[in-house]
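Chain residues, written in single-letter form:
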Amino acid sequence: MSVVDTIASILDNVLNKTTSELIPNTMLKIKLRRMGAPKKPSYRIVIADSRSARNGAFLETVGHYDPMTDPETVSIDAASVKDWIGKGAQPTDTVNRLLKKAGVLE
């Protein structure tokens, strides 16, 4: 088999696959990203790949959460969160509680 035939075979395999077969779906999570000073946490609510670290790479910030105030402060962009949930993003347990508290989810 010649080099040209090998390249043609590889291109044929790639071209016959759909985009979803070439790029595997990644699970998106709506999670908390810790900010603030030591012993004084505040959090950003972000959209991130489920495999990324707590403070790792993220796609978008959709809100803020400050547990140190009384009562705790929650600020969320509801339209953006609903859009991401519609695209398949899953909130973590804590973010799910915060979304319910803010009235974004039932």
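Coordinates for the structure precede this section.
Sequence positions are assigned chain by chain, starting from 1 and proceeding in written order. Selection of residues for local features in this predicted model requires a pLDDT of at least 70, selection of side-chain atom pairs for listing and counting requires 80 or more, and totals for whole chains, interfaces and linings are taken over all residues. Where side-chain values are given, they derive from all heavy atoms of the structure, hydrogens and water being excluded.

Colleague: Please provide a residue-by-residue account of the pattern of salt bridges, values included.
Modeller: Salt bridge, as used here, is a side-chain nitrogen of Lys or Arg placed within 4 Å of a carboxyl oxygen of Asp or Glu. Following the criterion strictly, the structure yields 4 salt bridges and no others. Look at the salt bridges and you will find they share partners, linking Glu-72, Arg-97 and Lys-101 into a network.

Colleague: Explain the sheet that holds strand E2 (residues 40–49) residue by residue, including any values.
Modeller: Only strands joined by at least two bridges in the DSSP assignment are considered to pair. Comment: elements are numbered from the N terminus, with helices defined as DSSP H or I runs of at least four residues and strands as E runs of at least two. Strands sit in the order E4-E3-E2-E1-E5 across an open sheet of 5 strands; the sheet is mixed. Pairing within the sheet leaves two strands with one partner each, and these edge strands are strand E4 (73–76) and strand E5 (90–91). Of the pairings in the sheet, the one linking strand E1 (residues 28–37) to E2 comprises 10 bridges and is antiparallel in character. Within E2, the residue paired with Met-35 across the bridge is Ser-42. Note on contacts: a residue pair is in contact if any heavy atoms of the two residues lie within 4.5 Å. Throughout, an axis means a line fitted to C-alpha atoms (over the contacting stretch in the case of helices), and angles, computed between N-to-C directions, take values from 0 to 180 degrees. Relative to the sheet, helix H3 (residues 78–86) contacts E1, E2, strand E3 (60–66) and E4, its axis offset from that of E3 by approximately 120 degrees.

Read these as spatial facts, not as claims about activity.
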